[in-house]
Amino acid sequence: MKKLTILAFMSLSVFVVNAVALPAFARQLGVSCSACHSQNGYPALNRFGREFKASGYTMVGSQKVITDDKNSKFMSLTETLNMSLMANMSYSKSSSTSATINVPNEASVFIGGRIAEGVGTFTEMGYDAEAASFSLVNMRLPFIYNISDYTVGVVPYLTDADGPSASTNMLNAGSVVSSLGDLFAAQEYVQNGEVLAEGVSLYIYSDLWNAAYSAWIPVNGSASNVEFANFASVAVTPRVGSWDVDVGAEIWWGTSQVQDPNNSSLVIRRKTDSYALKFQARGSISDVPVSFFGDYANASSAVNSLYSVNTNDKYAASLSSEVAVLPRVVMVSAGYRLADNGATTNSSDNGFLLGARYFYRENVQFRIGYMYLLDNTTDKHNIIASLDLAL
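Residues numbered from 1 in each chain as written. Predicted model: local features only at pLDDT ≥ 70, side-chain atom pairs only at ≥ 80, totals over all residues. Heavy atoms only, no water.

Trainee: Can you walk me through the overall build of the protein in this structure?
Mentor: The number of helices and strands found in the protein is 4 helices and 22 strands. In the protein, which comprises 391 residues, the proportion classed as buried is 52%. Partitioning the contacts of the protein with sequence separation of at least 6, the portion at a separation of at least 24 is 57%. For the protein, the exposed area adds up to about 17100 Å²; of that, 61% sits on carbon and sulfur atoms. (Helix = DSSP H or I, 4+ residues; strand = E, 2+ residues; numbered from the N terminus. Buried < 20%, exposed > 50% of the residue type's maximum accessible area, 1.4 Å probe, protein only. Contact = heavy atoms within 4.5 Å. Areas by Shrake-Rupley, 256 points an atom, 1.4 Å probe, with all protein chains shown as cover.)

Spelled out as structure tokens, the structure:
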């Protein structure tokens, strides 16, 4: 029952701390957070937001840069250390559990932006409520090279939740949470929500398409006796009239290996074979901003699979939409997920979700969500409400 409650709670999230716009980046660029994010608010990136991420977070605007008079590329440090604090407080209730209040539910300290010419960082220290302590939960260190109209990046990274696509992904359908919630998206459901990962990514980016490859292992921290699994992605990002359209595919393959840190005689091997297809479109209908997100994901069944250990393959498809009733102020959302956990019986995990977000200020948000799970659970009705802050 506790597992179901946690699943429902995570699925209802219409906004998560590690997916929001960072005021640290707004300070570096000297612009509003909306300069990088779509008309429906966070976390979806617009074209400028994707370009900023592809730059390795190295772009600067009004913020001053300290340079070496003789060689500006050798020394190009931002005058201010860009930091942000994000936190939320939440209330949750499911059909079979009593109400729960979390203060905080999540909290993170971020340091992000330009380190030097062609070198940036996205670093997050997250709060562990049970241990009452902060620890490193996300780090990206992109090294960027501009070649003609393309940006090429090499990114050492680690993440405690977002898997190998975290370092380079530009889409918000699946691997980077949509506004409707993480486990509700098909890929997040198939890959069990939170995937530890560390490794190195190589990507190439242009305004019309991008692609990436990563060698990775599903752990954080020091590891020995390592064999890397593989991840690759490709996406096209055309403009269709006034609509910003993104279509992409991702694939995971190979078997990872690491030494068990608690048992020197045990080697942990995990198959990662899975794939995902993604689609998103953002534009306006009758001057009302609208976003659509869709994804399909499948994980191959295997005894030592990282994602699917049941008899059959695990798969899911989700489709969701968000409408900005008042652009950047009030958003309403709805979605449906068709899912199968791969078990021989009682395998369906279908559900639908309704949500609303109200931005009191650009960096202060209230949200409420309701999820109804159709199959195989007593926690059919689930609700969450929260207040999210960023500074």
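There is more to say after this.
Trainee: What am I meant to see in unusual backbone geometry here?
Mentor: If a residue is not glycine, its phi is most likely negative; likewise, a peptide bond is most likely trans. Following Val-103, the chain continues into Pro-104 via a peptide bond in cis, with omega recorded as -5°. If you check the backbone angles, Tyr-57 has positive phi at about 65° while not being a glycine. Within the secondary structure, Tyr-57 is located in the loop between helix H3 (47-54) and strand E1 (65-67). Since its relative accessible area comes to 5%, Tyr-57 is described here as buried.

Trainee: Honestly, the packing of aromatic side chains in this entry has me stumped. Any pointers?
Mentor: Pairs of aromatic rings are described using the distance from one ring centre to the other and the angle between the two planes. Using the criterion set out here, one finds 14 aromatic pairs in the structure. Here the aromatic rings of Phe-110 and Phe-122 are separated by 5.6 Å at their centres, their planes lie at 65°, and the arrangement is edge-to-face. You can see Phe-110 sitting in strand E4 (residues 100-116) and its partner Phe-122 sitting in strand E5 (residues 119-128), a full 12 residues away along the chain. Like Phe-122, Phe-110 is buried. Ring geometry for Phe-352 and Tyr-372: centres 5.6 Å apart, planes at 35°, overall tilted. In this pair, Phe-352 sits in strand E20 (residues 351-361) while Tyr-372 sits in strand E21 (residues 364-373), placing the two residues 20 residues apart along the sequence. Look at Phe-352 and you get partly exposed, because its relative accessible area is 29%. Note that Arg-140 overlies the ring of Phe-122, its terminal NZ or CZ placed 4.3 Å from the centroid. (Phe/Tyr/Trp six-rings, centres within 6.5 Å; stacked < 30°, edge-to-face > 60°. Lys NZ or Arg CZ within 6 Å of the ring centre and 35° of its normal.)

Trainee: Got a minute to help me understand the pattern of salt bridges in this structure?
Mentor: If charged atoms from side chains of opposite charge come close, those side chains can pair. This model, assessed by the stated rule, comprises 12 salt bridges. Salt-bridge contacts for Arg-269 lead to Glu-227; the nearest nitrogen and oxygen are separated by 3.4 Å. Residue Arg-269 is found in strand E15 (residues 267-271), and its partner Glu-227 is found in the loop between strand E10 (209-217) and strand E11 (229-236); the two are separated by 42 residues along the sequence. Taking the relative accessible area as the measure of exposure, Arg-269 reaches 35% and is therefore partly exposed. (Salt bridge = Lys/Arg side-chain N within 4 Å of Asp/Glu carboxyl O.)

Trainee: I'm lost on the environment of Pro-104 in this one. Help?
Mentor: Along the chain, the position of Pro-104 falls in strand E4. Of the residues examined, Pro-104 reaches a relative accessible area of 29% and is grouped as partly exposed. Filtering out sequence-adjacent residues up to four positions away, Pro-104 remains in contact with Asn-88 and Tyr-127.

Trainee: Even after reading the chapter, I still don't get the state of the cysteines, so can you show me in this structure?
Mentor: As used here, a disulfide is simply a covalent bond connecting the sulfur atoms of two cysteines. As enumerated under the stated definition, the model contains 0 disulfides in all. Here Cys-33 is not disulfide-linked; the sulfur of Cys-36 is the nearest cysteine sulfur, at 8.3 Å. Given the relative accessible area of 11%, Cys-33 is considered buried. (Disulfide = S-S within 2.5 Å.)

Trainee: Please explain the environment of Leu-196 as it appears in this structure.
Mentor: Tracing the backbone shows Leu-196 in the loop between helix H4 (186-190) and strand E9 (197-205). Separated by 35 residues in sequence, Leu-196 and Ala-161 have C-alpha atoms that sit 5.3 Å apart. Not counting the four nearest positions on each side in its chain, Leu-196 is found in contact with Thr-159, Asp-160, Trp-216, Ile-217, Pro-218, Val-219 and Asn-220.

Trainee: Is there a simple way to think about the pairing of E4 in this case?
Mentor: Looking down a regular strand, the side chains alternate between one sheet face and the other. Sheet topology places strand E3 (residues 83-94) next to E4; 9 bridges connect them, and they run antiparallel. Bridged to Ser-90 within E4 is Asn-102. The turn joining E3 and E4, which pair antiparallel and follow one another in sequence, is formed by 5 residues. Bridge analysis of E4 against E5 gives 8 bridges, and the strand direction is antiparallel. Within E5, the residue paired with Ala-116 across the bridge is Val-119. Taking the residues between adjacent antiparallel strands as the criterion, E4 and E5 are bridged by 2 residues, where Gly-118 takes a positive phi near 80°. (Pairing = 2+ DSSP bridges.)

Trainee: Would you explain the nonpolar core in this entry?
Mentor: It is characteristic of soluble globular proteins that their nonpolar side chains tend to be buried jointly. Membership of the largest hydrophobic core comes to 25 residues, with the highest contact counts inside it found for Val-190, Tyr-203, Trp-216, Trp-252, Tyr-307 and Ala-316. At the level of secondary structure, the elements contributing two or more residues to this core comprise strand E8 (150-159), H4, E9, E10, E11 and strand E17 (288-299). Cys-36, Met-86, Phe-122 and Ala-390 belong to the second largest nonpolar core, which has 11 residues in total. (Core = buried A, V, L, I, M, F, W, Y, C linked by side-chain atoms within 4.5 Å.)

Trainee: Explanation requested: H3 in the structure shown.
Mentor: Each α-helix winds once per 3.6 residues, and so residues spaced three or four apart point in a common direction. Counting buried positions along H3 yields 6 of 8 residues, so the element is predominantly enclosed. Directly beyond the C-terminal end of H3, a positive phi value near 75° is found at Gly-56.

Trainee: Would you mind going over the side chain of Asp-340 with me for this structure?
Mentor: As for its placement among the helices and strands, Asp-340 is situated in strand E19 (residues 330-340). As a buried residue without a salt bridge, Asp-340 has its nearest oppositely charged side chain in Lys-314, at a separation of 9.4 Å. Contacts of Asp-340, omitting those with residues within four sequence positions, involve Tyr-189, Asp-313, Lys-314, Tyr-315 and Ser-347. (Lys, Arg positive; Asp, Glu negative; His and termini not counted.)

Trainee: Is there a simple way to explain the pairing of E19 in this structure?
Mentor: Looking at chain direction, strand E18 (residues 314-326) and E19 are connected through 11 bridges and run antiparallel. Residue pairing across strands places Val-323 opposite Val-332, the latter belonging to E19. Hairpin remark: E18 followed by E19, antiparallel, with 3 residues in the connecting loop; positive phi at Arg-328, about 65°. The sheet contact formed by E19 and E20 spans 8 bridges and is antiparallel. Bridging from a neighbouring strand, Arg-337 pairs with Gly-351 of E20.

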